[in-house]
Amino acid sequence: MMKRNEGISWATIYIKCIVFLFLLPVGMMLYRSFSGVWPWPSLVSNTWTLKHWIHVFYKNQSTYSAIWTSVQIGVCAIIINLIIGIPAADALARRSFKGKILIEALLFAPIIVPPLIVLTGLHITFIRWNFTEHILGVVLAHLIPTLPYMIRALKVSYEQIGFDMENQAKVLGATTMYRFRYIVFPQILPGIIAGSGLTLLISLSQYIITVLIGGGQIVTIPLLMVPFVSGGDQGIGAVYALIFATVAIGLLFMLDMVLKRYYTKV
Amino acid sequence: MNWRMDGMIRWQKTKPYLMVLPSVVVVLALFMGGFLQGIKRSFTHAQTNTLTGMYYRKLLGDSEFWESLWLTFRISGLTSLMSGLFAILIMCGLFFMLSSRGEEKAIKYRRLLHIPMLFPYIVAAYVIGLLFQQSGFISRLFYSVGLIDTIQAFPVLINDRFGWGIVMAYVWKTVPFMVLMMFPVLLRVQNGWYQAAQTLGASRLRFFIHVVIPMLERTWLLSVFIIFAFTFSAFEIPYFLGVTYPKTLSVLAHHIYTNGDLSDRPLAMAINAILTSITLCLGYISYRAYNKRSIK
């Protein structure tokens, strides 16, 4: 019995060490955002300061507009992804048709082919359509890396449900809209939330797509961070990194709450 | 009545195509459109607008291209191997925990391990710099335990020619992805199996090596391949943590594309075309390997 307990605690310590290793960078960001002058050999900062936070939130008005732009782009991407992704996921999960594997491969290809490869070509196309330097162009470009994840998440949900309930409702005279609203929608809601969360995270973290298609005119949070990544004031960089995490966690938390409230209501 | 049945069947057959149509149109227009546009440009002479293979010939004869290719291979290879190793070590720990402490605790720690996924690549580049710069936290740690005594004694790991900084930033971002992919497999290990093995005298570690690892193998291989293919043509981390020479292929392509000389742009497209072909080959190989193992 003694021996067994010993083994148990070792596993916990081991996992804790690994978790510590992977969360150390996050801790560093938090620490750096509050530390003042911090000369090289000292392990801890000798002064504490709020100046980085003040700089970002009071002296620099572009912070608020960057957060707002990021959220706008993310939400637009979610809406478009849902509208085009729901029927596609339904077809891929529950219906069989010729060429399904090919279509699936096409729709999931952007997962392994990073968007940068197609970005230069897309840039030329967008210049012709006059989509560059406009938020609409950026939203469209963000669909490339996000749509595959949305379809994937929805597909998993659709795979869990058959046609029985819908057919029953059909016999009872429910219209297509009604069947979707009251039968399909509640069952694929977890997929909708997961897909929206992924879309949001991926959209929020895009840097090169936004720069190239937005032509520097559309400023999102990652763009504000650039001057601080290598060189520049590390403390301000830390604040931007934390803003990013806060926006991401906040929005994911809201999505999660929506899901929970929906299910307790039903 | 008959024509109505015919119509119904035809409708049932076309309906799935109509359902995937919007997504297919979007992917074709944005993704394939951009891709084909790039391919077309890479074969078109910038001044005369005639068909030419000169950009590919120019690339293949350029030593910078080959150095970049080698650097890119090395970074992706190291990243996927290190992430794969870390993932196995983590799975081992989580399995020990799962089999002794129950699901809830293991799930709690797995959640914590997902946190790095919330940060974009640009933040990963920033924070790895914060830790591993010559004046960074790790260097201070080394100094305080007496391993180094000057700032120069700490090796250059950020913006270095080998690409260590890039690899570390990638590992930080991709290990959580591997945990995400592999943990569901771990949950499929039934409690009874281990108890049965235990009565036959197997230790927890032996059980992990002989039963759990074979179960994880397929997902592990797929995840490692995805990481390799993705990091092979990803842009942001090498852009921020790399050096001017040699650049990774994606950064080289971006550099050529944005350097202002329009007559060089087809060269960037040619690099992208080569990158895409390698990535697609890797994707195909991993898909085949994954399916082959599922039949077995």
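Residues numbered from 1 in each chain as written. Chains lettered and ligands numbered in written order. Predicted model: local features only at pLDDT ≥ 70, side-chain atom pairs only at ≥ 80, totals over all residues. Heavy atoms only, no water.

A look at the overall build of chain A
Here's step 1: Counting secondary structure elements, chain A contains 11 helices and 0 strands.
Here's step 2: If you list the helices and strands of chain A from N to C, you get α-α-α-α-α-α-α-α-α-α-α.
Here's step 3: Going through the 266 residues of chain A one by one, you find that 55% of them count as buried.
Here's step 4: Look at the contacts in chain A between residues 6 or more apart in sequence, and 70% of them connect residues 24 or more apart.
Here's step 5: Positive and negative side-chain charges of chain A, numbering 19 and 9 respectively, have mean locations separated by a distance of 3 Å. (Helix = DSSP H or I, 4+ residues; strand = E, 2+ residues; numbered from the N terminus. Buried < 20%, exposed > 50% of the residue type's maximum accessible area, 1.4 Å probe, protein only. Contact = heavy atoms within 4.5 Å. Lys, Arg positive; Asp, Glu negative; His and termini not counted. Charge placed at Lys NZ, Arg CZ, Asp CG, Glu CD.)

Here we look at the overall build of chain B
Here's step 1: Check the secondary structure of chain B and you find 12 helices and 0 strands.
Here's step 2: Counting from the amino terminus, chain B carries its helices and strands in the arrangement α-α-α-α-α-α-α-α-α-α-α-α.
Here's step 3: Taken over the C-alpha atoms alone, chain B extends approximately 90 × 75 × 30 Å along its principal axes.
Here's step 4: Restricting the contact set of chain B to residue pairs at least 6 apart, pairs at least 24 apart contribute 73%.
Here's step 5: On chain B, roughly 14,500 Å² of surface is accessible, and the fraction owed to carbon and sulfur atoms is 65%.
Here's step 6: Across chain B, the mean location of the 27 positive side-chain charges is 12 Å away from that of the 12 negative side-chain charges. (Areas by Shrake-Rupley, 256 points an atom, 1.4 Å probe, with all protein chains shown as cover.)

Description of the nonpolar core
Here's step 1: One finds M29 of chain A together with L94 of chain B to be the most contacted residues of the largest nonpolar core, which totals 178 residues.
Here's step 2: Summarising the domain contributions, this core has at least three residues from each of domain 1 (1–49) and domain 2 (54–265) of chain A. (Core = buried A, V, L, I, M, F, W, Y, C linked by side-chain atoms within 4.5 Å. Domains from an automatic or database assignment.)

Brief notes about the interface of chain B and chain A
Here's step 1: Tallying the contact residues gives 84 residues for chain B and 80 residues for chain A.
Here's step 2: Both sides together, the interface formed by chain B and chain A hides about 7,400 Å², and carbon and sulfur atoms give 78% of it.
Here's step 3: It is F31, Y126 and R140 of chain B that lose the most area in chain B upon contact with chain A, and together they represent 11% of the buried surface on that side.
Here's step 4: On the surface where chain B and chain A come into contact, there are 0 salt bridges.
Here's step 5: Where chain B meets chain A, there are 13 residue pairs in polar contact (both at pLDDT 80 or more).
Here's step 6: Take the side of chain B that touches chain A: its biggest share by element is 19 residues, from helix α1 (residues 2–42) of chain B.
Here's step 7: Broken down by class, the residue content of the side of chain B that touches chain A amounts to 54 nonpolar, 22 polar and 8 charged. (Buried area = accessible area lost by both parts, 1.4 Å probe. Salt bridge = Lys/Arg side-chain N within 4 Å of Asp/Glu carboxyl O. Polar contact = N/O pair within 3.5 Å; in protein donor to acceptor, adjacent residues only side chain to side chain. Nonpolar A, V, L, I, M, F, W, Y, C, P; charged D, E, K, R; others polar.)

Some points on the domain arrangement of chain A
Residues and elements named next belong to chain A.
Here's step 1: Under the domain assignment, chain A is made up of domain 1 (1–49) and domain 2 (54–265).
Here's step 2: Each partner contributes residues to the interface: domain 1 has 4 residues there, and domain 2 has 6 residues.
Here's step 3: When domain 1 packs against domain 2, close to 450 Å² is buried across both sides, 76% of that on carbon and sulfur atoms.
Here's step 4: Three residues, M29, R32 and S33, lead the burial of domain 1 against domain 2; their summed loss comes to 86% of the area buried on that side.
Here's step 5: The tally of links from domain 1 across to domain 2 stands at 0 salt bridges.

Focus on a nonpolar patch on the surface
All names here are of chain A.
Here's step 1: A contiguous nonpolar surface patch, about 670 Å² in accessible area, is contributed by L30, F34, W48, L50, I54 and Y58.
Here's step 2: The set of elements that each furnish at least two residues to the nonpolar patch consists of α1 (2–34) and α2 (51–59).
Here's step 3: Mapped onto the fold, L50 is located in the loop between α1 and α2. (Patch = residues over 30% accessible without salt bridge, like charges linked within 9 Å, V, L, I, M, F, W, Y side chains within 5 Å.)

Remarks on the confidence of the model for chain A
All names here are of chain A.
Here's step 1: In this model, chain A carries a mean pLDDT of 85, and residues with pLDDT of at least 70 account for 96%.
Here's step 2: For chain A, α1 is the element with the lowest average pLDDT, namely 79, and helix α3 (residues 62–94) is the one with the highest, namely 92.
Here's step 3: Counting contacts from residues 1–6, a segment whose pLDDT is below 50, to residues more than four positions away or on other chains yields 3 contacts. (pLDDT = per-residue confidence, 0-100.)

A look at the packing of aromatic side chains
Here's step 1: Tallied over the full model, the rule gives 31 aromatic pairs over all chains.
Here's step 2: Ring geometry for F22 of chain A versus F86 of chain B: centroids 5.4 Å apart, planes at 85°, classification edge-to-face. Of this pair, F22 of chain A sits in helix α1 while F86 of chain B sits in helix α3 (residues 63–101), which puts the two residues in different chains.
Here's step 3: Of the residues examined, F22 of chain A reaches a relative accessible area of 4% and is grouped as buried.
Here's step 4: Counting every residue linked through ring pairs, the aromatic cluster contains F95, F96, Y194, F207 and F208 of chain B.
Here's step 5: We note R181 of chain A situated over the ring of Y182 of chain A; from NZ or CZ to the ring centre the distance is 4.8 Å.
Here's step 6: Over the aromatic face of Y109 of chain B sits the side chain of K108 of chain B, whose NZ or CZ is 5.1 Å from the ring centroid. (Phe/Tyr/Trp six-rings, centres within 6.5 Å; stacked < 30°, edge-to-face > 60°. Lys NZ or Arg CZ within 6 Å of the ring centre and 35° of its normal.)

Some details on the environment of Y158 of chain A
Residue and element names in this part refer to chain A.
Here's step 1: Looking at the element boundaries, Y158 is found in helix α6 (residues 135–159).
Here's step 2: Note: C-alpha distance between Y158 and K170 (12 residues apart in sequence) is 18 Å.
Here's step 3: Beyond its immediate chain neighbours, meaning those up to four positions away, Y158 contacts I86, A89, D90, A93, R94, F180, V184 and I188.

Observations concerning the packing of helix α5 (residues 121–132) of chain B against helix α6 (residues 137–144) of chain B
Residue and element names in this part refer to chain B.
Here's step 1: The geometry of α5 relative to α6 is characterised by a closest axis approach of 4 Å and an angle of 15° between their N-to-C directions. Between α5 and α6, the angle falls in the class roughly parallel. Facing L130, L131 and F132 of α5, the residues of α6 in contact are F137, I138 and S139.
Here's step 2: Of the residues that constitute the contact of α5 with α6, the class distribution is 5 nonpolar, 1 polar and no charged. (Axes fitted to C-alpha atoms, helices over the stretch in contact; angles between N-to-C directions. Parallel < 35°, antiparallel > 145°, perpendicular 65-115°, else oblique.)

Here's the deal with the packing of helix α5 (residues 116–129) of chain A against α6 of chain A
Residues and elements named next belong to chain A.
Here's step 1: At a closest axis distance of 12 Å, the pairing of α5 and α6 adopts a crossing angle of 150°. Relative to α6, the element α5 lies roughly antiparallel. α6 is crossed by α5, and the crossing has right-handed handedness. Mapping the contact onto sequence places V118, L122 and F126 in α5 and G137, L140, A141 and I144 in α6.
Here's step 2: A per-class count over the contact of α5 with α6 returns 6 nonpolar, 1 polar and no charged. (Left-handed = near helix turned anticlockwise from the far one by under 90°.)

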